[in-house]
Amino acid sequence: MSTIERVKCLIIGSGPAGYTAAIYAARANMAPVMYQGMQPGGQLTTTNEVENFPGYPEGVTGPEMMMQLQAQAQRFGTDIRDGWVTKAELTGEVKKVWVNETTEVHADTVIISTGATAKYLGLPSEQHYLSLGGGVSACAVCDGFFYRNQEVVIVGAGDSACEEAHYLSQLCKKVTMLVRTDKFRASRIMEERVRKTENIEILLNTSTDEVLGDGNVVTGIRVKNNVTGELTDIPATGFFVAIGHKPNTDIFKGELEMDETGYLQTHGKTSKTNVAGVFACGDVQDKDYRQAITAAGSGCIAALDAERYLAAK
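Residues numbered from 1 in each chain as written. Predicted model: local features only at pLDDT ≥ 70, side-chain atom pairs only at ≥ 80, totals over all residues. Heavy atoms only, no water.

Colleague: Break down helix α3 (residues 124-132) for me, with residues and values.
Modeller: Along α3, the positions that sit buried rather than exposed are Ser125, Glu126 and Tyr129. Mapping the buried residues of α3 onto a view down its axis gives an arc of 105°, with all of them on the same face. Pointing more than 90 degrees away from the buried face of α3 are the exposed residues Pro124 and Ser131. In this fold, the buried residues of α3 make contact with β8 (136-137), β12 (206-213), β13 (218-225) and β15 (238-241). Directly beyond the C-terminal end of α3, a positive phi value near 65° is found at Gly133. (Buried < 20%, exposed > 50% of the residue type's maximum accessible area, 1.4 Å probe, protein only. Helix = DSSP H or I, 4+ residues; strand = E, 2+ residues; numbered from the N terminus. Arc of directions from axis to C-beta. Contact = heavy atoms within 4.5 Å.)

The following block contains the structure:
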């Protein structure tokens, strides 16, 4: 075990929430130390075009925006490091955190911005091809390029599923969209966009029965009509899953209050968790909006809450 490092403000995770918290904390002379986690920059690094973040009239790519936010946080003195937290003991006066199971950090305040991770259906065949990198993905923007001019299937009914289906339609010959019930969960504008796209076929009341393949790569999807029970095979080389996310909070179980899904509970309009000196921001505590701009706003709140907590001490 290496020596113990003492910090005033520890930020766990990056993304719009973490970087914004870092900008505010650094400007308040809190000398924040950030561990970026397993996906530096967070989910936005897998997003091609961000058109709805204020201040970018022409739009911006997710990775470019995250690089700018990181540079801004570093400009004010944030110590940004690679690595992820593997264990946390947060309930004491001093918050203890272990990074990569080797480094022990003691913090006066902790801001958690660990985000959320894509969910999969859990079918053995899906997991088989996912592990091989043979045609199963939860990120159309990351992997759509590999299916250029091919036929793919996407499962999901929300805004992000519609967004990914539309993105794939610009690359692929045909996109088949599987919606489990008889209606979309997406906003009207997103639903209209996929319905108006010629090469997207929407199958309502349809679920995934099996991911078909030759053992190495996906060759099709067996789907089930949830009304008639009929099974149909759809030829496809790619299978995209867009059915939601799981918050990255496993290491905080038993330490912090969570809802039944694992999202951290914050009090009222604040970023305060049930443990004094520990704050949560971004998608790790927001299952409703999950936007870059709302994550950034909550990162600002977390830094201000942490600053006030330190001042009161």
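Colleague: Residue-level account of the sheet that holds strand β9 (residues 151-155), with values.
Modeller: The 5 strands are arranged β8-β15-β9-β10-β11 in an open sheet whose pairing can be described as parallel. Both outer strands of the open sheet, β8 and β11 (200-203), are each paired with one neighbouring strand and no more. Pairing of strand β10 (residues 174-178) with β11, which is carried by 4 bridges, proceeds in the parallel orientation. In the sheet register, Val175 faces β11, and the bridge partner there is Ile200. Along the sheet, helix α5 (residues 159-169) makes contact with β9, β10, β11 and β15, crossing β10 at roughly 165°. (Pairing = 2+ DSSP bridges. Axes fitted to C-alpha atoms, helices over the stretch in contact; angles between N-to-C directions.)

Colleague: How would you explain the side chain of Thr206 if you had to name every residue and give the values?
Modeller: Note on placement: Thr206 falls in strand β12. A polar contact of 2.8 Å, which involves the side chain of Thr206, links it to the backbone oxygen of Leu204. Not counting residues within four places of it along the chain, the set of residues in contact with Thr206 comprises Leu178, Val179, Arg180, Val223, Lys224 and Asn226. (Polar contact = N/O pair within 3.5 Å; in protein donor to acceptor, adjacent residues only side chain to side chain.)

Colleague: Describe the nonpolar core, listing the residues and the values that go with them.
Modeller: Ranked by internal contacts, the top residues of the largest apolar core, which has 30 residues, are Ile11, Met65 and Ile111. For Ile11, the residues in contact, after removing those within four places along its chain, are Gly18, Ala21, Ala22, Pro32, Val33, Met34, Tyr35, Ile111 and Ser113. (Core = buried A, V, L, I, M, F, W, Y, C linked by side-chain atoms within 4.5 Å.)

Colleague: Go over the pairing of β10, please, and point to the residues and values.
Modeller: For β10, the buried fraction is high: 4 of the 5 residues fall into the buried class. Sheet analysis places β9 next to β10, joined by 5 bridges and oriented parallel. Following the sheet pairing, Val155 is matched in β10 by Leu178. Taken together, β9, α5 and β10 form a β-α-β motif whose crossover is right-handed. At this point the chain moves from β10, through helix α6 (residues 188-195), to the parallel β11, and the crossover so formed is right-handed. (Right-handed = clockwise from strand over helix to strand, strands pointing away.)

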